Amino acid sequence: MLKSFDLSNKKHLILEMADLTPKQKRQARIIALQVIYAHELNGSSLEDTCEFMLDKGNPPIKNVIKYGKQLSNLIFQHAIEVDEFIKNRSKNWDFDRITLIDKLILRMALVEMIYVDEVPPKVSIAEGVEIAKQFSTEDSSSFINGILDAVYNEMIKKKENKV
């Protein structure tokens, strides 16, 4: 169930992450990444993608799938806004030249940093970097860390200092 409230003119959502371990949260993030990747490539729906890609013999637990779907939906809802954060902080890089997987990892981590209050921003950064190491190029993790860290320093720290 999603709950919302207003803090500093940003609508925040609270995702029910019901007792997921860090490993399960990573699994949910990877599910979200796969869903948004499939959607970008051929417009696949969330349900169709999950149905197709999940291992029928050994599916993740229900709450892992649920968090992955919730995170995917948040990414779809906030992609345009989050892309502006990426564009504004990727100095010397044309946004269209950033690889698709790197954009999607950045979207995922930024949405989690900004809109999921249960996850500390530093965890979202670390997870984005680790997932980049697994799914992208060797240089991508540094690039992703730089963008995420810039957003953290400019936005999240300011919000934390006001509270």
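Before reading on, note that the structure itself is shown above.
Attention in this report is confined to the structure presented alongside it. (Residues numbered from 1 in each chain as written. Predicted model: local features only at pLDDT ≥ 70, side-chain atom pairs only at ≥ 80, totals over all residues. Heavy atoms only, no water.)

## Digging into the overall build of the protein chain
Along the protein chain, the regular secondary structure elements total six helices and two strands. Reading the secondary structure of the protein chain in the N-to-C direction produces β-β-α-α-α-α-α-α. Evaluated residue by residue, the protein chain yields a buried proportion of 46% over its 163 residues. A separation threshold of at least 6 residues defines the contact pool for the protein chain, and within that pool the share at least 24 residues apart is 71%. Of the roughly 9000 Å² of accessible surface on the protein chain, a fraction of 51% belongs to carbon and sulfur atoms. (Helix = DSSP H or I, 4+ residues; strand = E, 2+ residues; numbered from the N terminus. Buried < 20%, exposed > 50% of the residue type's maximum accessible area, 1.4 Å probe, protein only. Contact = heavy atoms within 4.5 Å. Areas by Shrake-Rupley, 256 points an atom, 1.4 Å probe, with all protein chains shown as cover.)

## Comments concerning the pattern of salt bridges
Taken as a whole and judged by the stated rule, the model has eight salt bridges. Note that Arg 26 is salt-bridged to Glu 127, the shortest N-O span being 2.6 Å. Taken together, the residues span a long stretch of sequence, with Arg 26 in helix α1 (residues 22–42) and Glu 127 in helix α5 (residues 121–135) at a distance of 101 residues. Assessed through its relative accessible area of 11%, Glu 127 is described here as buried. The salt bridge partner of Lys 133 is Glu 130, with a shortest N-O separation of 3.2 Å. Remark: Glu 130 and Lys 133 occur in helix α5; sequence separation between them is three residues, near one turn of the helix. The exposure class of Glu 130 is partly exposed, given its relative accessible area of 33%. Connected through salt bridges with shared partners, the residues Arg 26, Arg 29, Glu 112 and Glu 127 form a single ionic network. (Salt bridge = Lys/Arg side-chain N within 4 Å of Asp/Glu carboxyl O.)

## Considering the side chain of Lys 103
For Lys 103, the position within the fold is in helix α4 (residues 100–115). Among buried charged residues, Lys 103 stands out as having no salt bridge; its nearest opposite-charge side chain is Asp 96, 4.4 Å away. Setting aside residues up to four positions removed in sequence, Lys 103 forms contacts with Ile 86, Phe 95, Asp 96 and Ile 98. (Lys, Arg positive; Asp, Glu negative; His and termini not counted.)

## Examining the packing of aromatic side chains
Throughout the structure, instances matching the rule amount to one aromatic pair. Over the face of the ring belonging to Phe 95 we find Lys 87, whose NZ or CZ atom lies 5.0 Å from the ring centre. The ring of Phe 95 carries Lys 103 above its face, with NZ or CZ at 4.4 Å from the centroid. (Phe/Tyr/Trp six-rings, centres within 6.5 Å; stacked < 30°, edge-to-face > 60°. Lys NZ or Arg CZ within 6 Å of the ring centre and 35° of its normal.)

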